Amino acid sequence: MIAASAALVLGAGTGAVTTVGNSQPQSQSDLLNPMVAGQAMSPDSTILDNAARSPEHKEFVAEMRASGFAPLLNTGGGYYTVFAPTDAAFAALPADTRAKLAANKDSAAKAASYLVLRGKYDSQTLLKLINENGGAVKLKTVEGGTITAMMNGPTNIALIDEKGNVADIAIYDIYQTNGVIQVVDKVMLPA
């Protein structure tokens with residue numbers, strides 16, 4: 001079992017853990033978000049606003065807009081967790097997969113909604129769920145599929161898509177007014 005203090009180690013490399021011990025921020029403005037590629041991420045912005053601000057998420061934002069999924073991430077209608085792949089992760093996709101997503105709006109929408117969960121899944125919550133479920137937890141996506149979260153070493157959370165592809169969370173806990181972004185190093189796709 002991972003002690004609660006391990007969560008502090010988890011974000012230490014990225015500066016992502018925003019609370020200490022059991023203390024909780026009192027408001028969005030109290031949160032200290034990590035930077036993404038030197039760009040500040042505002043806790044007072046929406047998921048889409050912060051993602052669009054990131055120099056490493058141009059492909060992700062384009063995917064969300066092309067799929068018609070952007071309004072949900074821009075206005076809210078609830079609290080969401082987004083696993084946001086970097087531009088390098090999109091570039092690493094096979095050419096045929098990229099072409100399929102670009103040519104087929106339904107495929108793009110399914111892929112985009114697969115990266116989103118309803119609710120707040122910050123590093124503390126993910127660690128707790130992984131521990132409570134014997135080392136791995138299945139997370140239901142907005143698309144209706146599942147992403148499995150488990151530990152990859154003593155301090156890193158790995159995500160496994162329905163095809164068995166593994167992504168690591170590269171930057172943890174970027175908070176917004178309507179959710180939290182976890183930056184991932186691979187694009188996860190539904191079955």
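Remember, predicted model here, so these are calculated numbers, not experimental data.

*Asks:* Describe the overall build of the protein chain, listing the residues and the values that go with them.
*Replies:* For the protein chain, the count of helices and strands is eight helices and seven strands. Taking all 191 residues of the protein chain together, the buried fraction comes to 46%. Within the protein chain, contacts between residues separated by at least 24 positions form 60% of all contacts whose residues are at least 6 apart in sequence. By element, 54% of the accessible surface of the protein chain is carried by carbon and sulfur atoms, the whole surface being about 8,600 Å².

*Asks:* So what's going on with the environment of Y80? Which residues, and what values?
*Replies:* Assignment of secondary structure puts Y80 in strand β1 (residues 80-85). Classification of Y80 as buried rests on a relative accessible area of 4%. The sequence separation of Y80 and G119 amounts to 39 residues, and the corresponding C-alpha distance is 4.8 Å. Here Y80 is in contact with I47, L72, V116, L117, R118, G119, V142, N178, G179 and V180, once residues within four sequence places are set aside.

*Asks:* Explain unusual backbone geometry residue by residue, including any values.
*Replies:* A positive phi angle is found at A37, which is not glycine, with a value near 50°. Along the chain, A37 falls in the loop between α1 (4-10) and α2 (47-53). For D173, which is not glycine, the phi dihedral falls at a positive 55°. Relative to the assigned elements, D173 resides in strand β6 (residues 166-176).

*Asks:* Outline the nonpolar core, listing residues and values.
*Replies:* Counting 46 residues, the largest nonpolar core has F60, M64, F83, I157 and L159 as its most contacted members. In terms of residue count, β6 provides more of this core than any other element does, five residues in total.

*Asks:* How would you explain the environment of T81 if you had to name every residue and give the values?
*Replies:* In this fold, T81 is placed in strand β1. Exposure remark for T81: the relative accessible area of 0% places this residue in the buried category. Separated by 34 residues in sequence, T81 and L115 have C-alpha atoms that sit 8.4 Å apart. Once residues within four sequence positions are removed from consideration, T81 is found in contact with L115, V116, L117, G119, K120, Y121, V180 and Q182. At a separation of 2.8 Å, a polar atom in the side chain of T81 contacts the main-chain amide nitrogen of Y121.

Conventions we followed
- Residues numbered from 1 in each chain as written.
- Predicted model: local features only at pLDDT ≥ 70, side-chain atom pairs only at ≥ 80, totals over all residues.
- Heavy atoms only, no water.
- Helix = DSSP H or I, 4+ residues; strand = E, 2+ residues; numbered from the N terminus.
- Buried < 20%, exposed > 50% of the residue type's maximum accessible area, 1.4 Å probe, protein only.
- Contact = heavy atoms within 4.5 Å.
- Areas by Shrake-Rupley, 256 points an atom, 1.4 Å probe, with all protein chains shown as cover.
- Core = buried A, V, L, I, M, F, W, Y, C linked by side-chain atoms within 4.5 Å.
- Polar contact = N/O pair within 3.5 Å; in protein donor to acceptor, adjacent residues only side chain to side chain.

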